[in-house]
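Fold and contact review
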Amino acid sequence: MNPVNWILALPAAGFLAVLLWPGRAETARALALAVSLVVFVLSLGLIPGVWGAGASWSHVTDLPWIESPAIRYHVAVDGLSLWLVLLTTLLTPICVLISWRYIDRRVKEFYALLLLLETGLVGVFVALDLFLFYVFWEVSLVPMYFLIGVWGHERRIYAAVKFFLFTMAGSVLMLGGIIYLYNRSGTFDYSILLEQINSGALMLTPLEQRLLFLAFFISFAIKVPLFPLHTWLPDAHVEAPSAGSVMLASVMLKMGTYGLVRYSLPLFPNAARQSADWIVTLAIIGIIYGALVSMVQPNMKKLVAYSSVSHLGFVVLGIFTFTQLGLDGAVYQMLNHGVSTGALFILVGYLYERRHSLETAAYGGIATPAPWLATVFLITSLASVGLPMLNNFVGEFLVLQGAAQVNFRWTVLAATGVVLSACYMLWLYQKAFLGATPEPVREHVYDLRPREWAGILPLIVLMVWMGTLTRTFFPPISAASAQILEQTKVNAEFLVSRPAAPPLVAGVMPDAR
Amino acid sequence: MPASYIPPWEDLLRVLPEIVLTVGGTIAMVLEPLLRPEKKRRLGWLALAALLVALWATAVAHVFAGPAFRAMIIVDGFATFFRALVIVVGALAVLCSLNYLERERADSGEYYALVLFSVVGQCLMAASNELIMIFIGLEISSISTYVLAGYLRDDVRNNESAIKYFLLGSFATAFLLYGIAWIYGLTGSTDLSEIRRVLANPELAPAGALVGVSAALMFVGFAFKVSAAPFQIWTPDVYQGAPAPVTAFMSAGPKAAAFAIFLRVYMTAFEPVASRWEPVVWLSALATMLVGNFAALVQNNLKRLLAYSSIAHAGYVMVAVTAHSEIGTAAAMFYLVAYAFMNVGAFAVVTHFARERERYVNVDDLAGLAQRQPVTAALFALFLLSLIGIPLTGGFFGKFYIFKAALEANLYWLTGIGLLNSALAAYYYLRIIVVMYFHEPGEAAATLAPPAPALKVALWSSAVATLVLGVFPSLVLDFAGKSATLAR
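Since this is a predicted model, take the numbers as computed values, not measurements.

Reading the values: rules and limits
Residues numbered from 1 in each chain as written. Chains lettered and ligands numbered in written order. Predicted model: local features only at pLDDT ≥ 70, side-chain atom pairs only at ≥ 80, totals over all residues. Heavy atoms only, no water. Phe/Tyr/Trp six-rings, centres within 6.5 Å; stacked < 30°, edge-to-face > 60°. Helix = DSSP H or I, 4+ residues; strand = E, 2+ residues; numbered from the N terminus. Buried < 20%, exposed > 50% of the residue type's maximum accessible area, 1.4 Å probe, protein only. Lys NZ or Arg CZ within 6 Å of the ring centre and 35° of its normal. Contact = heavy atoms within 4.5 Å. Buried area = accessible area lost by both parts, 1.4 Å probe. Salt bridge = Lys/Arg side-chain N within 4 Å of Asp/Glu carboxyl O. Polar contact = N/O pair within 3.5 Å; in protein donor to acceptor, adjacent residues only side chain to side chain. Nonpolar A, V, L, I, M, F, W, Y, C, P; charged D, E, K, R; others polar. pLDDT = per-residue confidence, 0-100. Pairing = 2+ DSSP bridges. Core = buried A, V, L, I, M, F, W, Y, C linked by side-chain atoms within 4.5 Å. Axes fitted to C-alpha atoms, helices over the stretch in contact; angles between N-to-C directions. Parallel < 35°, antiparallel > 145°, perpendicular 65-115°, else oblique. Left-handed = near helix turned anticlockwise from the far one by under 90°. Expected span 1.5 Å × (residues − 1).

A closer look at the packing of aromatic side chains
All names here are of chain B.
- As enumerated under the stated definition, the model contains 73 aromatic pairs over all chains in all.
- Relative to Tyr266, the ring of Phe262 lies with its centre 5.0 Å away and its plane at 75°, an arrangement referred to as edge-to-face. Taken as a pair, Phe262 and Tyr266 lie in helix 11 (residues 244–269) at a separation of four residues, close to a single helical turn. Tyr266 carries the same exposure label as Phe262, and that label is buried.
- Positioned over the ring face of Phe353 is Arg355, at 5.0 Å from the centre of the ring.

Remarks on the interface of chain B and chain A
- Residue-level contacts link 34 residues of chain B with 35 residues of chain A.
- Of the roughly 3,000 Å² buried between chain B and chain A on both sides combined, carbon and sulfur atoms contribute 79%.
- Between chain B and chain A we count zero salt bridges in total.
- The interface formed by chain B and chain A contains five residue pairs in polar contact (both at pLDDT 80 or more).
- Taken together, the elements giving at least two residues each to the side of chain B that touches chain A come down to helix 15 (369–372), helix 16 (374–388), helix 17 (394–408), helix 18 (412–438), helix 20 (453–471) and helix 21 (474–483) of chain B.
- Sort the elements by how many residues they give to the side of chain B that touches chain A and helix 18 of chain B lands first, with 12 residues.
- Of the residues in the side of chain B that touches chain A, the class split is 26 nonpolar, five polar and three charged.

Notes on unusual backbone geometry
- The linkage connecting Val224 of chain A with the following residue, Pro225 of chain A, adopts the cis geometry, with an omega of -10°.
- Here Pro225 of chain A is to be found in the loop between helix 10 (206–223) and helix 11 (232–239).
- Omega for the bond connecting Ala229 of chain B with Pro230 of chain B falls within 30 degrees of zero, at 0°, which places this linkage in the cis form.
- Positive phi outside glycine occurs at Arg357 of chain B, with the angle close to 60°.
- Along the polypeptide, Arg357 of chain B turns up in the loop between helix 14 (326–354) and helix 15.

Concerning the confidence of the model for chain A
- For chain A, the mean per-residue pLDDT works out to 86, and 96% of the residues sit at or above 70.
- Contacts from residues 494–513 of chain A, a stretch scored under 50 in pLDDT, to residues over four places away or in other chains number 18 contacts.

Observations regarding the pairing of strand 1 (residues 58–66) of chain A
Residues and elements named next belong to chain A.
- Both strand 1 and strand 2 (residues 71–77) contribute to a ladder of six bridges, which runs antiparallel. Bridged to Ser58 within strand 2 is Val77.
- Between strand 1 and strand 2, which pair antiparallel and follow one another directly, the connecting turn spans four residues.

Focus on the nonpolar core
- Counting residues in hydrophobic clusters, the biggest one holds 395 residues, and the most contacted among them are Phe320 of chain A together with Phe270 of chain B.
- The element that contributes the greatest number of residues to this core is helix 14 of chain B, accounting for 21 residues.
- Among the nonpolar cores identified, the runner-up in size contains nine residues, and Ala61, Ala68, Ala79 and Leu124 of chain B belong to it.

Here we look at the pattern of salt bridges
- The full count for this structure, using the stated rule, is 21 salt bridges over all chains.
- Note that Lys164 of chain B is salt-bridged to Glu160 of chain B, the shortest N-O span being 2.9 Å. Pair noted here: Lys164 of chain B and Glu160 of chain B are both in helix 7 (residues 156–187), with a separation of four residues, about one helical turn.
- With relative accessibility at 34%, the residue Glu160 of chain B sits in the partly exposed group.
- Across the pair Arg304 of chain B and Asp237 of chain B runs a salt bridge, and its minimum N-O distance is 3.0 Å. Of this pair, Arg304 of chain B sits in helix 13 (residues 302–323) while Asp237 of chain B sits in helix 10 (residues 234–241), placing them 67 residues apart in sequence.
- Judged by its relative accessible area of 18%, Arg304 of chain B is buried.
- According to the relative accessible area criterion, Asp237 of chain B is partly exposed, its value standing at 22%.
- Through salt bridges with shared partners, a single network forms among Arg155, Lys162, Asp235 and Glu239 of chain A.

Notes on the side chain of Asn5 of chain A
All names here are of chain A.
- Position of Asn5 among the secondary structure elements: in helix 1 (residues 3–20).
- Classification of Asn5 as buried rests on a relative accessible area of 10%.
- At a separation of 3.1 Å, a polar atom in the side chain of Asn5 contacts the side chain of Thr61.
- At 2.7 Å, the side chain of Asn5 and the side chain of Tyr73 are in polar contact.

Examining the packing of helix 12 (residues 274–296) of chain B against helix 18 of chain B
All names here are of chain B.
- Viewed as axis vectors pointing N to C, helix 12 and helix 18 meet at an angle of 15°, and their least axial separation amounts to 9 Å. As the angle between them shows, helix 12 and helix 18 are arranged roughly parallel. Read as a crossing pair, helix 12 and helix 18 show a hand that is left-handed. For the pair helix 12 and helix 18, contact is made by Trp282, Ala285, Leu286, Met289, Leu290, Asn293, Phe294 and Ala296 and by Trp413, Leu414, Ile417, Gly418, Asn421, Leu424, Ala425 and Tyr428, respectively.
- Residues belonging to the contact of helix 12 with helix 18 are distributed by class as follows: 13 nonpolar, three polar and no charged.

Some points on the environment of Ser144 of chain B
- With respect to the secondary-structure elements, Ser144 of chain B resides in helix 6 (residues 131–149).
- Sequence separation between Ser144 of chain B and Gly169 of chain B is 25 residues; the distance between their C-alpha atoms is 12 Å.

Here's the deal with helix 18 (residues 408–433) of chain A
Residue and element names in this part refer to chain A.
- Taking 1.5 Å as the rise per residue, helix 18 with 26 residues should run 38 Å; its terminal C-alpha atoms sit 38 Å apart, in good agreement.
- Along helix 18, the positions that sit buried rather than exposed are Trp410, Thr411, Ala414, Gly417, Leu420, Ser421, Tyr424, Met425, Leu428, Tyr429, Ala432 and Phe433.
- Close packing links the buried residues of helix 18 with helix 13 (269–295), helix 14 (300–319), helix 15 (324–355), helix 16 (371–385) and helix 17 (391–406).
- Sitting at the head of helix 18, Asn407 places a side-chain oxygen 3.0 Å from the backbone nitrogen of Arg409.
- Backbone geometry just downstream of helix 18 places Gly435 in the positive-phi region, at approximately 85°.

Here it is, written out as structure tokens:
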């Protein structure tokens, strides 16, 4: 049977099992770990199929769910979703591990919700029916809301409600868009929609396209989050428990960028191309703004949160360059950010478990009592900064190169973000890990324990791997993004509502875009 | 109709549910003085049995679908759908009431008889195809509900609730009656199909403005009954004051039946003049959603909050009415079913939590319920998520179908505002979840006894129905879609 279905069903079954299993906290943890590990192993089985399939879908299941309106359970994997699914299934067991000691009350509910979240997130990446996609999109909201609200820090309730309402406000607009699209095309199915667009059976007027694009875009942009819709993110990240922050930053934000690549570009190609300028402007503002705010954050989690705004700006920039390099880089950068920011949140969580503070000022000279912790943190910081041979470098480089093909100014501006990221990460490292060790730090901060190693090591390995052996990851990504790029050229001749092109001067071509 | 008119036996079968319920209610009244106080509870089981038999009778009546009593009654899919719905709501309300009445020492056959009679009225409303029948059904249902709202007669709020409901309700039905008189004067008939025939015929049709007056007068009556703006003002006071299980009943059963006649009258008799009434209903739908949601944001009393939420939900159904298409009708029907289950479920939790004399009915009283009674809290959370409209619950599909119908009818603004409204509504439902899950247990949650078996049945069946509607909506939607074509 199709492993995708198992990857969706097992965590959901695990959710019920953990919740209903009589027994103590240990059983819940062990059960959650077992389920999430099995799911991870199963998800590894997706790789050969996707490699073999090239740009087409693999592991397809297409079953009718609701007769009228025709809603189908249509799931499949391609190069775009493959690695995001794997990221989700890898991070779930890691989140179980890092919460092992930290979560000490209402343990069962915590792990149950974590598993439910996994189903929701994987579902978002594999759904090929717009309705099904929306269902998973919303369903993943609920467990995260509870994770923040029950197990978070002081201002958790404010953060949880803000998170929920922001996402909800965006997604109802998307729901409107999905329904409108259905009424126009008679289908929710993604591949059929694409066929209709390609064959010209579904022709959206420029106004329709622009409005639909906006309805989807706002929903995705809130999730990414794109400046200026990012204000929920620092709250949610700071207040969430470690595992919540990890899932939120590493996977949930990718729902937005994934949505942009998967739905916004191919379904509304003209509107997407027309909007590229202002979206890229917002992305670049986000890159610089996020980095600048990070530089002045006294709170470590908030610093990492704002750095996410900056990093995700790169992803959006890459997507809206409409170049192969930019899109490849954007997709790769989604994974890189998932790995390195996830690792940063895990490490900050480790520090919090020791010292019970998120303020940078509460630390100093950690490298003395905990050298391994310091080393691991350094590698992660450098990865996040974009040091060559580590993962982020590859993605950022590709994005910048893609941007340069379109408009060199974009590259220059965005590259300042890389410089700034070095500032805030290295300053953070310097303040917290180097220098004199104050007494409380010496007393409380111990080095990594085996369970903690198990949580962080896979990510460190991935950082190096993704930074060096990019061939492992790129072929399916490129195949998928090339196809999506091709799709965005469909009915590009439709670009009528732009101001009339200036008369061609002999030999001077207008801007290639 | 000659004095010696003897209805054929099929006609009697077509009103079998009403007959069963009336007989059940009458038996309850007769037995009431014969039973010792501690045995009165048995009358509740009798009422439940009568409702279940009536549900079966609804199916029987549907087998013999067709007009009865010279087309005053019509048994079609639409009628069966709403009959089944109001009967199920009645059964859930009885299940919620059993322990409540015991707790308040007010167990008596009267109460159950009134519930049964109210359901009789609602069933008649669902199946009537003639304005006088509609009026009679509405009155039977309303008068029983007025009495139920003030059932605990020593309670001040109960009295306030009943008197408000009664005075305003009678006033509103007077408008309805006046509208009926107008249309009778204009068309010479009270039969919906006949009215439609006259209005659709350009040679016979009376002046549009006069028909508009009639439609407007009837709209006042219907809008009051479904608590649509601007005739919703009674709702919070009445819902807050009435006994909790009665509120559960009122907010689902009579409202669904009122929407049934609203839909039937406007989709058949007044369908030819749709362009005249559509803007009015559009405006009312918009106002209802906004008033309900914005007022609910600042409520602290659970019953009042749910009352405003029920206004908001009436607004969503009004959106479907504005679409005035068969898909819209089907969407409204589906929504009313989903709404009935999630709302009765939510009120069942309130009934359980409130304790004697309804001491604990504030949102903050729920603090920490999730830690004391995780199952009750989880069920309540499920109902609230469904009210928000999270996928895999009935509430979501309800909203989905309604807005789909609205978009098909090109109601873009109404859809957009409605969707944003449902995001806004998330705030006040989430507040309840926040208190239940994120706060430390307070005194009220700590002293809560586990729910009694009857209430458990009500809670679980509502929860299962909410989930089933969310995962397999076709079960209900297909029937709704087939029944949405009204007899003309």
